[in-house]
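Each chain, written out:
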Amino acid sequence: MLEKLKSVAHMIGHTPLMKLADERLDLYCKLEYHNLMGSVKVRPAYYILKEAIERGDVNQHTTIIESSSGNFAIALATLCRKIGIKFIPVIDPNINPSYENLLKTISSDVVKVTERDESGGFLLTRIETVNRLLTEIEDSFWTNQYGNPNNYRAHYHGLGTELADSFEQLDYAFIGVSSGGTITGISRRLKEKFPNVKIIAVDSDGSVIFGGEAKKRYIPGIGSSMRPSILDNALIDEVIYVPEVETIDGCHELYSKHGIFAGGSSGTSYRAVQQYFAGKMLGNRPTVAFLCPDGGMAYTDTVYNQEWVAWLRAQTKEMQLQNS
């Protein structure tokens, strides 16, 4: 099993670092959609599986179970199929339709929850369903991207090290937060090399990770209905919230201005950079990095669909009127 898994290692990591034109910043983005299966999530999926196999927690008869909004599940499904074991993702209605169709093709089974939790999201319902499946399926293993320390260790040794090695000096890193593994691993690695680097956590408006007010969210891949325990190990300096309508603007500007066709969390982080530096008096040009965790193809029915965007803007306006 381990040798089969390691045979795809060369397709994970060492993704391009692209410099973007900007009048005030030396701005760079790490194009993580160049990874196997098109997202940053294959990094922790691979590392968690490898470590579990080496410990003996996963064998040829194990069924892997995970809660995911899409990318982590797709990465796990691909790796599990490669090594010949079963995988069951637990998803919810916010998943991109193309992701759901793909998971139904490459997974052993797909479980979709439809009941919102007390925060208005679906994550807590998904976790509850995962725990139920673990009791029902013999020899099952939960990779647990929200609490497994190997999630952030994957990014510490992988993406964090790649970023650290790419710069002589780095002043700011903007990292979108969902399961918490990416920002935890990257922040710890970058702070080792650049003690003064500012780690800016980027969250979606309506997420409760950093104590924000829970609201309905429609763009997957960023934000959460709970605070992942893995974040207790993160080294975060500031938090920025980005409304979902601005996520859409960020995605469209990344494409039209820089030719980067990226997913929702990419547009969120790009928008956070603009928001953070707007009106700031800068001396020297700071060096700034952010991530593009996945590509835009899975968002053609949502973020890049004019009718859906108009619907979301109307929803947002209606909520604002109700709260005013």
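To be clear, the structure that these remarks concern was listed above.
How each quantity is defined
Here the residue numbering is sequential within each chain, running from 1 through the sequence in written order. At least 70 in pLDDT is required for a residue's local features to be given in this predicted model, at least 80 for side-chain atom pairs to be given and counted, and no such filter applies to totals for whole chains, interfaces and linings, which use all residues. Hydrogens and water are ignored here; the side-chain numbers use all heavy atoms of the structure. Comment: elements are numbered from the N terminus, with helices defined as DSSP H or I runs of at least four residues and strands as E runs of at least two. Relative accessibility decides the category of a residue: with a 1.4 Å probe and only protein chains considered, values under 20% of the type maximum give buried, values over 50% give exposed, and everything between is partly exposed. What makes two residues a contact is simply this: any of their non-hydrogen atoms within 4.5 Å. Whether two aromatic rings pair depends on their centres lying within 6.5 Å, for rings of Phe, Tyr and Trp, where Trp uses its six-membered ring; planes under 30 degrees apart make the pair stacked, over 60 edge-to-face, and the rest tilted. Should the NZ of a Lys or the CZ of an Arg lie within 6 Å of a ring centre and within 35 degrees of the ring normal, that charge is described as sitting over the ring. Between any two strands, at least two bridges found by DSSP are needed for them to pair. Think of each axis as a best-fit line through the C-alpha atoms, taken over the contacting stretch in the case of a helix, with angles from 0 to 180 degrees between the N-to-C directions. Each crossing gets its handedness from the near helix: less than a right angle anticlockwise from the far helix is left-handed, clockwise is right-handed. Classes in brief: Ala, Val, Leu, Ile, Met, Phe, Trp, Tyr, Cys and Pro nonpolar; Asp, Glu, Lys and Arg charged; the others, Gly included, polar. The term salt bridge refers to a pairing of a side-chain nitrogen on Lys or Arg with a carboxyl oxygen on Asp or Glu at a separation within 4 Å. Handedness of a crossover is defined as follows: with both strands directed away from the viewer, a clockwise route from the first strand across the helix to the second makes it right-handed. For classification purposes, angles smaller than 35 degrees are called roughly parallel, those larger than 145 roughly antiparallel, those between 65 and 115 roughly perpendicular, and all remaining angles oblique.

Caption draft 1: A look at the environment of Leu102. Considering the arrangement of structural elements, one finds Leu102 in helix α4 (residues 97–106). Given a relative accessible area of 31%, Leu102 falls into the partly exposed group. It is 9.7 Å that separates the C-alpha atoms of Leu102 and Ala77, two residues lying 25 residues apart in sequence. Once residues within four sequence positions are removed from consideration, Leu102 is found in contact with Met37 and Ile74.

Caption draft 2: Summary view of the packing of aromatic side chains. One pass over the structure, following the stated rule, counts 12 aromatic pairs. For the pair Tyr276 and Phe277, a centre-to-centre distance of 5.0 Å together with 80 degrees between the ring planes defines the contact as edge-to-face. Tyr276 gets classed as buried once you look at its relative accessible area, which sits at 8%. Each residue in the set Tyr172, Phe174, Tyr276 and Phe277 is aromatic and connected to the rest through ring pairs, giving one cluster. The ring of Tyr276 carries the charged tip of Lys280 above its face, separated from the ring centre by 4.0 Å.

Caption draft 3: Fine view of the sheet that holds strand β3 (residues 63–67). Sheet architecture is open: four strands sit in the order β5-β4-β3-β6, paired in parallel fashion. For this open sheet the edge positions go to β5 (111–112) and β6 (140–142), each flanked by a neighbour on one side alone. Sheet topology places β3 next to strand β4 (residues 86–91); five bridges connect them, and they run parallel. Bridge pairing in β4 links Ile65 to Ile88.

Caption draft 4: Fine view of the packing of helix α2 (residues 42–55) against helix α6 (residues 149–157). Two elements in contact, α2 and α6, have axes separated by 8 Å at closest approach and are oriented at 115 degrees. The chirality of how α2 crosses α6 is right-handed. Contacts between α2 and α6 involve Arg43, Pro44, Tyr47, Ile48, Glu51 and Arg55 from the first element and Asn150, Asn151, Arg153, Ala154, His155 and His157 from the second. Class assignment of the residues belonging to the contact of α2 with α6 gives a composition of four nonpolar, four polar and four charged.

Caption draft 5: Seen up close, the pattern of salt bridges. Evaluation of the coordinates by the stated rule reveals 21 salt bridges. Notably, a salt bridge pairs Glu100 with Lys112, separated by 3.1 Å at the nearest N-O pair. Remark: Lys112 occurs in strand β5 and Glu100 occurs in helix α4; sequence separation between them is 12 residues. Among the residues examined, Glu100 registers a relative accessible area of 12% and is labelled buried. Residue Asp232 is joined to Arg227 by a salt bridge in which the shortest nitrogen-to-oxygen separation is 3.9 Å. Ionic contacts of the salt-bridge type, sharing partners, join the residues Glu246, Asp249, Glu253, Arg271 and Arg313 into one network.

Caption draft 6: A look at the sheet that holds strand β8 (residues 198–204). Read from one edge of the open sheet, six strands run β1-β2-β10-β7-β8-β9, paired in mixed fashion. The open sheet has two edge strands with one neighbour each: β1 (17–20) and β9 (238–242). Averaged over all pairs of adjacent strands, the angle between strand axes in this sheet comes to 25 degrees, irrespective of strand direction. Relative to strand β10 (residues 287–292), strand β7 (residues 172–176) runs parallel, the two being bridged by three bridges. Looking at the pairing, Tyr172 lines up with Val288 of β10. Each of β7, β8 and β10 touches helix α8 (residues 181–193); the most contacted strand, β8, lies at about 170 degrees to it.

Caption draft 7: Region of interest: the pairing of β4. Of all six residues making up β4, five are buried, and the element is well covered by its neighbours. With helix α3 (residues 71–83) bridging β3 and its parallel neighbour β4, the resulting β-α-β unit is right-handed. The pairing of β4 with β5 spans two bridges and is parallel. Looking at β5, one finds that Ile91 is bridged to Lys112.

Caption draft 8: Representation of the packing of α6 against α8. Across the interface, α6 lies against α8 with an axial gap of 7 Å and an inter-helix angle of 40 degrees. Classified by the angle their axes make, α6 and α8 are oblique. Here α6 runs over α8; the crossing is right-handed. Here Asn151, Tyr152, His155 and Tyr156 of α6 lie close against α8, whose contacting residues are Gly181, Thr182, Thr184, Gly185, Ile186, Arg188, Arg189 and Glu192. Class assignment of the residues belonging to the contact of α6 with α8 gives a composition of three nonpolar, six polar and three charged.

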